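# Fold and geometry: a report
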Amino acid sequence: MEHRVWLVLVFVASITKEAMAAQHVVGGSQGWEESTDFSSWASGQKFKVGDQLVFKYASGLHSVVELGGESAYKSCDLGTPLNSMNTGNDVVKLSKPGTHYFACGTLGHCGQGMKVKITVESGTAPSTPESSSSSSTPAASSASAMHKSFAASALLAALVAASLINIYVM
């Protein structure tokens, strides 16, 4: 029975880690738009492995292209992207540490500054999604609070389950 307790705790720990991941709406309240200062926005964020980037924009007007490196980013070389998205509500999971590069795939937009460089740190500590500044969106803050509430509930449920298992074993 002891192995069941450990199994429950490992399962809940994995759920809690996922729930603690942050969602970052790229560009804050302005979203993925030409007028957004993406360098300033990104410098105010802390990105961790497991976090998600959400690109919100008018579908058909913009797109998102993940670039392979800094050279392609600086020169706006969209010829060999790692990934291309165009739904208007694209989500990218940051699955590894390092620098990730994104640009708008619409002709001329990258050259006008519609690109962002994201540096992802390794580790499992909670990230800082949209701060409480004007770039924050109520939806992002609400989602982050909901994730933390879920994580706390999952941990409490695991502890109760472990206690119940111990009671029935004894």
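Look up a bit, the structure's there.
Below you will find a few notes about this structure. This one's a predicted model, so the numbers in the text were calculated from it and none came from an experiment. (Residues numbered from 1 in each chain as written. Predicted model: local features only at pLDDT ≥ 70, side-chain atom pairs only at ≥ 80, totals over all residues. Heavy atoms only, no water.)

As a further point, take the packing of aromatic side chains. To describe a pair of aromatic rings, one takes the distance between the centres and the angle between the planes. Throughout the structure, instances matching the rule amount to 5 aromatic pairs. Considering the side-chain rings of Trp41 and Phe47, the 5.8 Å spacing of their centres and the 55° angle between planes classify their relative orientation as tilted. Taking the relative accessible area as the measure of exposure, Trp41 reaches 6% and is therefore buried. On the basis of relative accessible area, Phe47 is assigned to the buried category, the value being 2%. Here the aromatic rings of Phe55 and Phe102 are separated by 5.3 Å at their centres, their planes lie at 50°, and the arrangement is tilted. In this pair, Phe55 sits in strand E3 (residues 52-56) while Phe102 sits in strand E7 (residues 98-103), placing the two residues 47 residues apart along the sequence. For Phe55, a relative accessible area of 0% corresponds to the buried category. On the basis of relative accessible area, Phe102 is assigned to the buried category, the value being 0%. Among the aromatic residues, those joined into a cluster by ring pairs are Trp32, Phe38, Phe55 and Phe102. If you follow Lys115 out to its NZ or CZ, it ends over the ring of Tyr73, 4.7 Å from the centre. (Phe/Tyr/Trp six-rings, centres within 6.5 Å; stacked < 30°, edge-to-face > 60°. Buried < 20%, exposed > 50% of the residue type's maximum accessible area, 1.4 Å probe, protein only. Helix = DSSP H or I, 4+ residues; strand = E, 2+ residues; numbered from the N terminus. Lys NZ or Arg CZ within 6 Å of the ring centre and 35° of its normal.)

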